Amino acid sequence: MKSYLALLRGSYMVGLVYRFGFLFSIAGNIIYMSVTYFLWHSIYHGRETMHGLTFDQTYIYVALGSAVFILLKTYVDWQMSYDIREGMIASYLIKPIDLQLYELFMSFGYFLMSLSAITIPTILLLIFVFRVEIPLGVGLLIFPFSLIMAYLINFCFDYFVGLLGFYTESVWGLSITKEIIITVLSGALIPLQFFPDAIQKILLWLPFQAIYYTPLTMVAQPTLGWDTFLPMLGIQLFWVAALFGLTRLFYNQAIRVLRISGG
Amino acid sequence: MHSLTDYIRLYFVIETQYIKARMQYRADFIISSIGMFFSSLATLGVFWVIFSSIPDLAGWTFLQLVFIYGFYMIAISPMQILFDNIWQIRFHVLQGTFLKYYFRPLNMMFYYMSEVFDLKGLTQLAAGIILLIYTSIQLHIDWTLARVALLIVTLFSASLVQISITLMAGCAAFWVLDSYPVLGLAWKLREFAPYPMNIFDGAFRFTFTYIIPLGFIAFYPSQLFLQPQQVSPLIYFSPIVGIGLFALTYWIWTLGVNSYTGTGS
């Protein structure tokens, strides 16, 4: 465990080098939040509620969504693809560490980095500059736990694509496809309530909604209560366990085809 | 000095070889094209979901927005296909490999950009063309000769605007350690280009028209075909905006290239 914590600390420090980048990420977020404000303002067009959501609730949802989006970027797939191409993956495989946990802790350092440098400033901006009122409720309390589980689920998808890199030359196409599927089907851009009913029902059965829809709902509608939130957390927990197990099984398959050149 | 025809001939020679080399990785090409196709459709999916709840967005129908989006996809394709090497500037600068581009009797930007011809961008171009044709049939747009000419001119200028914004961001690599965040911001901004500009209030509309002219990538030119009676006179400046912006970008590129001193290996 101690060695994994060292990895975590290391990757956090590496993240610090790119302080300059955070300014641009925050600037990008401010512009995005403004643009979505105007967009959703035009969509609501004076309506009180749409699909049971007020304008404020929807806006908190989508604006926070953009901050969470940056937070959940693990870059594990890109990093693994790079390490495979350069042959560096070999040096991880001969060490007495587990590849899945290695990648998880490496990326989790970046998670903590972006949390403190991008997501928290964005939330402060949302409250103090955009003057969005986030109602107090039990949802806010469990949001951090839900966010970490969302991170773990998202990590599994990235790690899975990273493992696919054992088979193909580059993962560009796979990564982009994965990202689009998650962004659209998870409710990262639009709350799931806006989807047509039939599609909504299907989406709730898929793991993607546990990445964005679940944590974002906890902040947008924090007063929904335990009856709603407990099952949501349970579903997240289920997907974390299932996807961690599945990617471990897949690793055993993929490792057989790995050929390393150079290094 | 080389003439323009020399350069065009040379470009074909270089890219033929490049495509031959890329075709060794056929599976990669197919997967990337599929990825490109999906990523093009994502915004359409968002529009579709939004329009399942509302009849129009600030006076624009779903089909009209799809038309604007099709225009947008065609307009950003030249950057994707011909200028994709923008993303690598930062690596070449950081690792010192940028030096090799100084040693050819060719225009440096030409030589540098000719190194990559992004095949998967062709999927985006094709999807854009299909959307534009489909929506113009549905919307009964009458393609007179004058309109087709207008389409070509506005698409040309829109492409230049898109290339310029991205290339300017890429050039940041000559001055800062890591230009990725700057490029990321430019990339994110690009996604706002297909939205109707009339949803924004004064300050933002001003910014997206005069400072970062995203409006010229898709919205203003599309207005010419969708609402010819309400066109703002601004659109007639679009060739000037495109060419002017590209000239500015070329100047920044030259400054960057001249200030680059290489790195130790």
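Relevant structure appears above.
To start, this report covers the structure provided alongside it. Because the structure is predicted, anything quoted here is derived from the model rather than measured. (Residues numbered from 1 in each chain as written. Chains lettered and ligands numbered in written order. Predicted model: local features only at pLDDT ≥ 70, side-chain atom pairs only at ≥ 80, totals over all residues.)

1. Comments concerning the overall build of chain A
Argument step 1. Of the regular secondary structure elements, chain A holds eleven helices and two strands.
Argument step 2. In terms of overall size, chain A behaves like a compact globule, its C-alpha atoms giving a radius of gyration of 19 Å where 263 residues would be expected to give roughly 18 Å.
Argument step 3. For chain A, the spread of C-alpha atoms along the principal axes amounts to about 60 × 40 × 35 Å.
Argument step 4. Put simply, chain A has 263 residues, and 45% of those count as buried.
Argument step 5. Taking as baseline every contact in chain A between residues at least 6 positions apart, the subset at least 24 positions apart corresponds to 84%. (Helix = DSSP H or I, 4+ residues; strand = E, 2+ residues; numbered from the N terminus. Rg over C-alpha atoms; globule rule 2.2 N^0.38 Å. Buried ≥ 20, exposed ≤ 12 C-beta atoms within 10 Å, placed from the backbone. Contact = placed C-beta atoms within 7 Å.)

2. Digging into the nonpolar core
Argument step 1. Counting 137 residues, the largest nonpolar core has Ile153(A), Tyr72(B), Ala75(B), Ile217(B) and Ala218(B) as the members making the most contacts within it.
Argument step 2. Looking at this core, the element that brings in the most residues is helix H7 (residues 138-164) of chain A, giving 13 residues.
Argument step 3. Among residues more than four places away in sequence, those in contact with Tyr72(B) are Ala193(B), Pro194(B), Ile217(B) and Ala218(B). (Core = buried A, V, L, I, M, F, W, Y, C linked by C-beta atoms within 7 Å.)

3. Observations concerning H7(A)
Argument step 1. For H7(A), spanning 27 residues, the distance from its first C-alpha to its last is 40 Å, which sits close to the expected 39 Å at 1.5 Å a residue.
Argument step 2. A maximum bend of about 40° is found in H7(A) at Pro144(A). (Expected span 1.5 Å × (residues − 1). Bend = angle between axes of the 7 residues up to and from the residue.)

4. Some points on the interface of chain A and chain B
Argument step 1. Contacts between the two partners involve 33 residues from chain A, matched on the other side by 34 residues from chain B.
Argument step 2. Elements supplying a minimum of two residues to the side of chain A that touches chain B: helix H2 (19-44) and helix H8 (172-185) of chain A.
Argument step 3. When residues of the side of chain A that touches chain B are assigned to their parent elements, the largest contribution, 14 residues, is made by H2(A).

5. Structural notes on unusual backbone geometry
Argument step 1. Despite not being glycine, His51(A) shows a phi value in the positive range, around 50°.
Argument step 2. Within the element layout of this structure, His51(A) appears in the loop between strand S1 (49-50) and strand S2 (53-54).
Argument step 3. Phi is positive for His140(B), close to 55°, though the residue is something other than glycine.
Argument step 4. Residue placement: His140(B) occurs in the loop between helix H6 (121-138) and helix H7 (145-171).
Argument step 5. His140(B) sits in the exposed class, given 6 other C-beta atoms within 10 Å.

6. With respect to the environment of Phe200(B)
Argument step 1. Along the chain, Phe200(B) turns up in the loop between helix H8 (180-190) and helix H9 (202-211).
Argument step 2. Considered as a pair, Phe200(B) and Ala58(B) are 142 residues apart in the sequence and their alpha carbons are 10.0 Å apart.
Argument step 3. Look past the residues within four positions of Phe200(B) in its chain and what remains in contact with it is Phe38(A), Arg205(B) and Phe208(B).

7. A closer look at helix H11 (residues 226-254) of chain A
All names here are of chain A.
Argument step 1. Helix length check: H11, at 29 residues, gives a terminal C-alpha distance of 41 Å against a target of 42 Å (1.5 Å per residue), a fit within 8%.
Argument step 2. Every buried residue belonging to H11 is among Phe229, Met232, Gln236, Trp239, Val240 and Leu243, and all of these are buried.
Argument step 3. In this fold, the buried residues of H11 make contact with H7 and helix H10 (213-220).

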